[in-house]
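Residue-level structure breakdown
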Amino acid sequence: MSLDWIYWAISWVLLSWHSAWDAIGVSENAVLGTNWSWILAIIFLVVTLRVVLFPIFVKQIKSQRAMQALQPQLKALQEKHKGDRETLQKEMMELYRREKANPLMGCLPIFLQAPVFIGLFHVLRRLSPTNEQKTLYGWTETQFESATHARLFDVPIAAKFGSTAAELAQLNASGTSVKILAGVLVAIMIATTYLTSRQMILKTGWAEDPQQRMIQRLMLYGIPASLLVSGAIFPIGVVIYWVTNNLFTLGQQQWVLRKYPPPPTPGRLPKPGESAARRTTGTAGGTRRGTDARKPVQPGKPAKPAGRFGRSKANGAQPEKPAVDTKALAPKPGAKPVNPKKGRPAKRQG
């Protein structure tokens, strides 16, 4: 299948943004060693893509919420069909179908962004003074020459960390400067790729489904590790696109996760450093809601009286009758009896 339509689409968006910044008055001449019209065109290519994919990103969050709500049922299925992987997979697929949950929905935005990345990689890789097909995909010769010599801090955006000496000579670039800037950008690309995956996993938690957990581990560790090698062949313009996309994703995820917070999970695993009293009582040093706050009476020890405001009565417990103090009821020496007739023989008449 030909991908020319992707190359045409990417070129059209990139050139449209470049023309827009040129019309606004952003000069193509280098300022601080940077041709900002082309750098901004790449950045706003990311903005365009993220705006288009925003509804799908929201669906991704909702799908992850649905998968999170199914975790207790998935765990029960794993206990029920332990050792029978085929039956377990069949039951999980039936559960997903019944609850209308899609475990692959979390990867959909990445799959949709992949063609854009491939298209931009192909378009920027063509930027070379020796390329004779300068008007391919709707470019003019002027635009092609301008993009070929566009720079970021005096480093051509068409250069890459692994550029050969011949390629650097064609671009009139310093190998040391290219490697320093490309190395810094690739390091930022790897770090932000890891942080975007980590941010999502910390908010939604690790999945109980082995397939989902494998995908989470791949996104958290596998993709950043692969960039350590593949980043050397990416043109600097592509690395700028990737870093901008990651930063945009971090901000977008933070906003969406606040707007659609994860539901409380019953029986959640304790957080690192959380005290046992807090896990069992709900509040540090306190008690569970709806339970009696009094401590159990130990054998041989009298129960403590209720508080001065009668908390035991408010909690539904019947107040205990106070013990009768015989000493307090006994008359004081020399005091007149309260009931002289009680306990004395009756006086004889006459």
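1. A few points about the packing of aromatic side chains
In this structure the tally under the stated criterion is 13 aromatic pairs. The interplanar angle of 40° and the centroid separation of 4.9 Å between the aromatic rings of Trp-17 and Phe-44 together place this pair among those described as tilted. Here the residue Trp-17 occupies a position in helix α1 (residues 4-24), and Phe-44 occupies one in helix α2 (residues 36-69), the gap between them amounting to 27 residues. Residue Trp-17 is classed as partly exposed on the basis of its relative accessible area of 27%. With a centroid separation of 6.1 Å and an interplanar angle of 25°, the aromatic rings of Phe-234 and Trp-242 are classed as stacked. For Trp-242, a relative accessible area of 18% puts it in the buried group. Members of the aromatic cluster, joined through ring pairs, are Phe-117, Phe-121, Phe-234 and Trp-242.

2. Points about helix α9 (residues 210-230)
Relative to the 30 Å expected for 21 residues at 1.5 Å per residue, α9 spans 28 Å between its end C-alpha atoms, a close match to the ideal helical length. Its axis deflected by about 40° at Leu-218, α9 carries its strongest bend there. Taken residue by residue, α9 has Gln-212, Ile-215, Gln-216, Leu-220, Pro-224, Leu-227 and Ser-230 as its buried positions.

3. A few points about the side chain of Asn-246
Looking at the element boundaries, Asn-246 is found in helix α10 (residues 236-259). A distance of 2.9 Å separates the side chain of Asn-246 from the side chain of Thr-193, its partner in a polar contact. When residues no more than four places from it in sequence are discounted, the contact partners of Asn-246 are Met-189, Thr-192, Thr-193 and Thr-196.

4. Here's the deal with the confidence of the model for the protein chain
Averaged over all residues, the pLDDT of the protein chain equals 75, while 69% of them reach at least 70. Here residues 266-297 is a poorly scored stretch, pLDDT under 50, and it has 19 contacts once near neighbours within four places are set aside; other chains count. Below a pLDDT of 50 lies the segment residues 306-317, which in the model reaches seven contacts outside its immediate sequence neighbourhood of four places, other chains included.

5. Observations regarding the nonpolar core
Of all hydrophobic cores here, the largest spans 50 residues; its most connected members are Trp-139, Met-189, Phe-234, Ile-240 and Tyr-241. Counting only elements with at least two residues in this core, the list comes to α1, α2, α5 (108-125), α6 (141-148), α7 (165-171), α8 (175-204) and α10. At eight residues, α2 tops the list of elements feeding residues into this core. Dropping the residues within four chain positions of it, Tyr-241 is found in contact with Ile-42, Leu-45, Val-46, Leu-49, Gln-113, Val-116, Phe-117 and Leu-120. Of all hydrophobic cores here, the second largest spans nine residues; its members include Leu-88, Met-92, Leu-95 and Ala-101.

About the cut-offs
Residues numbered from 1 in each chain as written. Predicted model: local features only at pLDDT ≥ 70, side-chain atom pairs only at ≥ 80, totals over all residues. Heavy atoms only, no water. Phe/Tyr/Trp six-rings, centres within 6.5 Å; stacked < 30°, edge-to-face > 60°. Helix = DSSP H or I, 4+ residues; strand = E, 2+ residues; numbered from the N terminus. Buried < 20%, exposed > 50% of the residue type's maximum accessible area, 1.4 Å probe, protein only. Expected span 1.5 Å × (residues − 1). Bend = angle between axes of the 7 residues up to and from the residue. Polar contact = N/O pair within 3.5 Å; in protein donor to acceptor, adjacent residues only side chain to side chain. Contact = heavy atoms within 4.5 Å. pLDDT = per-residue confidence, 0-100. Core = buried A, V, L, I, M, F, W, Y, C linked by side-chain atoms within 4.5 Å.

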